[in-house]
Amino acid sequence: MADVNLTATVRNEFGKGAARRLRREEKIPAVIYGHGSEPVHIALPSYDMMMALKTPNVLINLDIDGKKQLVIPKAVQREAIRQFLVHVDLLVVKKGEKVQVDVPIHIEGELAPGQNLLEHVYNSLPVEAEATHIPETITVSVDGLDVGDSILAKDIKLPGNTVLAIEGDETVIQVLGAQAEEPAAEGAEGEEGAAESAQASE
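Residues numbered from 1 in each chain as written. Predicted model: local features only at pLDDT ≥ 70, side-chain atom pairs only at ≥ 80, totals over all residues. Heavy atoms only, no water.

(A) Representation of the nonpolar core in the model. Residues Ile 72, Val 93 and Leu 125 are the most contacted members of the largest nonpolar core, which totals 25 residues. At the level of elements, strand S5 (67–78), strand S7 (98–108), strand S9 (124–130), strand S10 (138–141) and strand S13 (171–177) are the ones that each hand at least two residues to this core. Sort the elements by how many residues they give to this core and S7 lands first, with four residues. Contact partners of Leu 125, with chain neighbours within four places excluded, come to Val 101, Asp 102, Val 103, Ile 105, Ile 138, Ile 156, Leu 158, Leu 164, Ile 166 and Val 172. Membership of the second largest hydrophobic core comes to 19 residues, among which are Leu 6, Leu 62, Val 71 and Leu 85. (Core = buried A, V, L, I, M, F, W, Y, C linked by side-chain atoms within 4.5 Å. Buried < 20%, exposed > 50% of the residue type's maximum accessible area, 1.4 Å probe, protein only. Helix = DSSP H or I, 4+ residues; strand = E, 2+ residues; numbered from the N terminus. Contact = heavy atoms within 4.5 Å.)

Written out as structure tokens, the structure is:
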């Protein structure tokens, strides 16, 4: 999996005013927690963090005022309209440690011919993996699947050292038939025709 290096600074100011000052400095507030330690409030470079988050479950090597810390993103808050970063929660991890994460599902293959629709019950698969070897995506083939077919969690081939964090019988993807368009309301048309006939007879 990909990993990045970021430099952070400890922050001691909180609230909206402090957050605005950070944004002017092109930084965002974040908090580090995990392993029973007290949360550490830090400031991160906005652009570098935004680029890092393009990789799901990215492993981040933080340099916090000279102290090294290995973390992964656990929660990301964005501004509703412009989608810029507002706040990030980071989880402390250690090499060899297992963590539970959601890994995006990548679909490949073509469904059977016909007006079939693919429904994603899960867009990402909850798994448990080694913190330093979290897969970026999990590939699922839907080649040849037809209406009524489904793929269960236990049917999906996982990378090594990765196990499901949900029940194996959970449906992850299923194929539905396209619903036919509803016919025009015959009753309404009949009423209009009857009204026109009545007017003609008058």
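Structure shown, so let's carry the discussion forward.
(B) Region of interest: the pairing of strand S6 (residues 85–92). Counting buried positions over the eight residues of S6 gives six, a clear majority of the element. As paired elements, strand S2 (residues 27–34) and S6 share four bridges and run parallel to each other. Note that in S6 the partner of Tyr 33 across the bridge is Leu 91. Looking at chain direction, S5 and S6 are connected through seven bridges and run antiparallel. Opposite Arg 78, over in S6, you have Leu 85 as the bridge partner. Linking S5 back to S6 in an antiparallel pair, the connection comprises six residues, with Gln 83 at a positive phi of about 65°. (Pairing = 2+ DSSP bridges.)

(C) A look at the environment of Gly 148. Position of Gly 148 relative to the elements: it lies in the loop between S10 and strand S11 (150–152). The exposure class assigned to Gly 148 is exposed, which follows from its relative accessible area of 62%. C-alpha separation for the pair Gly 148 and Asn 116, spaced 32 residues apart in sequence, amounts to 9.7 Å.

(D) Quick look at the sheet that holds strand S3 (residues 37–45). Ordered in space as S1-S3-S2-S6-S5-S4, the six strands form a closed barrel in which the pairing is mixed. Geometrically, the sheet is characterised by an average inter-axis angle of 45° between neighbouring strands, direction not taken into account. Here S2 pairs with S3 via seven bridges, running antiparallel. The residue of S3 that forms the bridge with Pro 29 is Ala 43. (Axes fitted to C-alpha atoms, helices over the stretch in contact; angles between N-to-C directions.)

(E) Expanded view of the pattern of salt bridges. One pass over the full model with this rule turns up two salt bridges. Lys 68 is the salt-bridge partner of Asp 63, the closest N and O atoms lying 3.0 Å from each other. (Salt bridge = Lys/Arg side-chain N within 4 Å of Asp/Glu carboxyl O.)

(F) Geometry of the sheet that holds S9. The strand order across the open sheet formed by four strands is S10-S7-S9-S12, and the pairing between neighbours is mixed. Lying at the two open borders of the sheet, with one neighbouring strand each, are S10 and strand S12 (162–164). Taken pair by pair, the neighbouring strands of this sheet meet at an average axis angle of 45°, ignoring direction. For S7 and S9, the ladder comprises seven bridges, and the chain directions are antiparallel. Paired with Val 103 across the two strands is Leu 125, which belongs to S9.

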